[in-house]
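# Fold and geometry: a report
In case you want the letters, here they are:
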Amino acid sequence: MIDSGRSVALDCYAIGKGIPDDDPVGRLFQTDILNKSVVLKQYEKVLPKTGKSTMFDSDFLQQFGGGQKTAPTVNVNTVIYFPYDFENPYAGGESILYTGRKFIDLLAQKISQGSPSSELIERLKADETILDLLESMHSLDPFIFRSKIEQVGIEAKIHEAYFAISSEEWELLQYPIRDKIARLVTKALGEVDGDDDATSEQDHINHFLNKIWHAKDVEGIEPFVKSLQIEPDEAPSLFFAWKAVCYYQLRFAQLMESLKTMFHWIGNDQLCYPTDSLQLSKGQQNRLVERRAALRKAARDGFIATHKILSEYEHSYDQFVNEDRPRLFLNFLAEAEDSYLLLSNHVSIATHSVNFWRTHMARYGGELRREEFMPLFDGLLVLYDVRIED
């Protein structure tokens, strides 16, 4: 999970090692042990009536993250993994679910092995703000991470190494997303009343676009927010979710060909099966086949769900921009946070799985013996949250 990409894993130690001790910005956390940890996102399917509600402690997170949110079909957990050997994080360690203040208190006790000092408590309180920020995100994708950091306005406090995204890549991702938002804003605003100057009109549109892009407040665009039928205090989180949906739409399109290749492997009875299967007992073979069928269903369901969300969004967008029919888009915007949650789940899992599968294929080839096959197979089962009791 650590090596398969940033969608679900932030390896703080690997990143922090490249930052000098005297760097003016420094590492992500003030507490040394957290700078040697790995932050992981884990997705768990839940029934709609039992979705997780998360209340963030920090005031600024309630402003920019939206207070209490209910996830309809998936829980996104933030797990902090502390390797026993920092230079070899694969050799095992301790994983602790991040639960806000309870996590901080537990970590303080573990570090101090008794009563923590006031200095340690102060450092951990400062680190709690960053951990709350990471908890508020549905994925650790570099684009989402940098966007959230910009939204809360703490870019100067986070070293650029943690963004894991170059200026060139950031610009390439920004352009199609901003263009999509700008076209809808232009449509929604119409012509600027009382001013036919094209430059003034473009400046007006850019002002609205930047407000939506940064998703900090609605000062100066209150009539526009009202026209979208959303409450002003909800607008920043909804605008951020809209930007995230645009990003995942782009990311999913980029991922499509790789996904098809991986799905072909998963769907092939010979390839997705150890070549030395005769060494398995009949019971082991039956369980493997059962799990394989469940993996196929989970992967297929995730793909279908992603395609459905993005198709409905694109249809609502086209109806508004091309046909002057805003109703469906207004409905989408009202539910944008749920769409962001579900897309972060499905697209992050797909991205991580593709990276994991590709790395394994490059190392061992397409036909795998049991000792090569099972780590890959078990890893995909974990990523797609496939659970079948023995």
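Here is a short report on the structure shown in this document.

What the protein chain contains, in helices and strands, is 14 helices and six strands. Expressed as a percentage of the 390 residues in the protein chain, the buried residues total 49%. Carbon and sulfur atoms form 49% of the exposed surface of the protein chain, whose accessible area is close to 19,400 Å².

With 10 of 10 residues buried, strand S5 (residues 74-83) is to be regarded as a mostly interior element. Taking every second residue as pointing to the same face, both faces of S5 are buried, with Val74, Val76, Thr78, Ile80 and Phe82 on one and Asn75, Asn77, Val79, Tyr81 and Pro83 on the other. In this sheet, strand S6 (residues 93-97) lies alongside S5 in antiparallel orientation, the contact comprising five bridges. Paired with Val79 across the two strands is Leu97, which belongs to S6.

Time to look at the environment of Tyr98. Locating Tyr98 in the fold gives a position in the loop between S6 and helix H4 (101-112). Exposure remark for Tyr98: the relative accessible area of 5% places this residue in the buried category. Sequence spacing of Tyr98 and Leu40 is 58 residues, and the spatial spacing of their C-alpha atoms is 10.0 Å. In contact with Tyr98, other than residues within four places in its own chain, are Thr78, Ile80, Phe103, Glu128, Leu131, Asp132 and Glu135. A polar contact is formed between the side chain of Tyr98 and the side chain of Asp132, at a distance of 2.8 Å.

Core analysis: the largest hydrophobic core is formed by 113 residues, its most contacted members being Phe103, Phe239, Trp242 and Trp265. Looking at this core, the element that brings in the most residues is helix H10 (residues 235-267), giving 18 residues. Those residues in contact with Phe239 that lie beyond four places of it in its chain are Ile212, Ala215, Val218, Ile221, Phe224, Val225, Leu228 and Ile230. Counting six residues, the second-largest nonpolar core is a separate cluster that includes Ile2, Ala9, Leu40 and Tyr81.

So, about the side chain of Glu372. Here Glu372 shows up in helix H14 (residues 370-383). Buried and unpaired, Glu372 has Arg369 as its nearest opposite-charge partner, separated by 5.7 Å. Residues contacting Glu372, with those up to four places away along its chain left out, are His360, Tyr364 and Glu367.

We now examine the environment of Leu280. Along the polypeptide, Leu280 turns up in the loop between H10 and helix H11 (282-323). Leu280 sits in the buried class, given a relative accessible area of 9%. Beyond its immediate sequence surroundings of up to four residues, Leu280 is in contact with Pro274, Gln285, Leu288 and Arg370.

Our next topic: the pattern of salt bridges. For the coordinates displayed, the defined rule picks out 20 salt bridges. Residue Lys36 pairs with Asp32 through a salt bridge whose shortest N-O separation is 3.1 Å. For Glu44, the salt bridge is made with Arg387, and the minimal N-O distance between the two is 3.4 Å. Of this pair, Glu44 sits in strand S2 (residues 38-45) while Arg387 sits in the segment after H14, and the two are 343 residues apart along the sequence. By relative accessible area, Glu44 is classed as partly exposed at 26%.

Calculation criteria
Residues numbered from 1 in each chain as written. Predicted model: local features only at pLDDT ≥ 70, side-chain atom pairs only at ≥ 80, totals over all residues. Heavy atoms only, no water. Helix = DSSP H or I, 4+ residues; strand = E, 2+ residues; numbered from the N terminus. Buried < 20%, exposed > 50% of the residue type's maximum accessible area, 1.4 Å probe, protein only. Areas by Shrake-Rupley, 256 points an atom, 1.4 Å probe, with all protein chains shown as cover. Pairing = 2+ DSSP bridges. Contact = heavy atoms within 4.5 Å. Polar contact = N/O pair within 3.5 Å; in protein donor to acceptor, adjacent residues only side chain to side chain. Core = buried A, V, L, I, M, F, W, Y, C linked by side-chain atoms within 4.5 Å. Lys, Arg positive; Asp, Glu negative; His and termini not counted. Salt bridge = Lys/Arg side-chain N within 4 Å of Asp/Glu carboxyl O.

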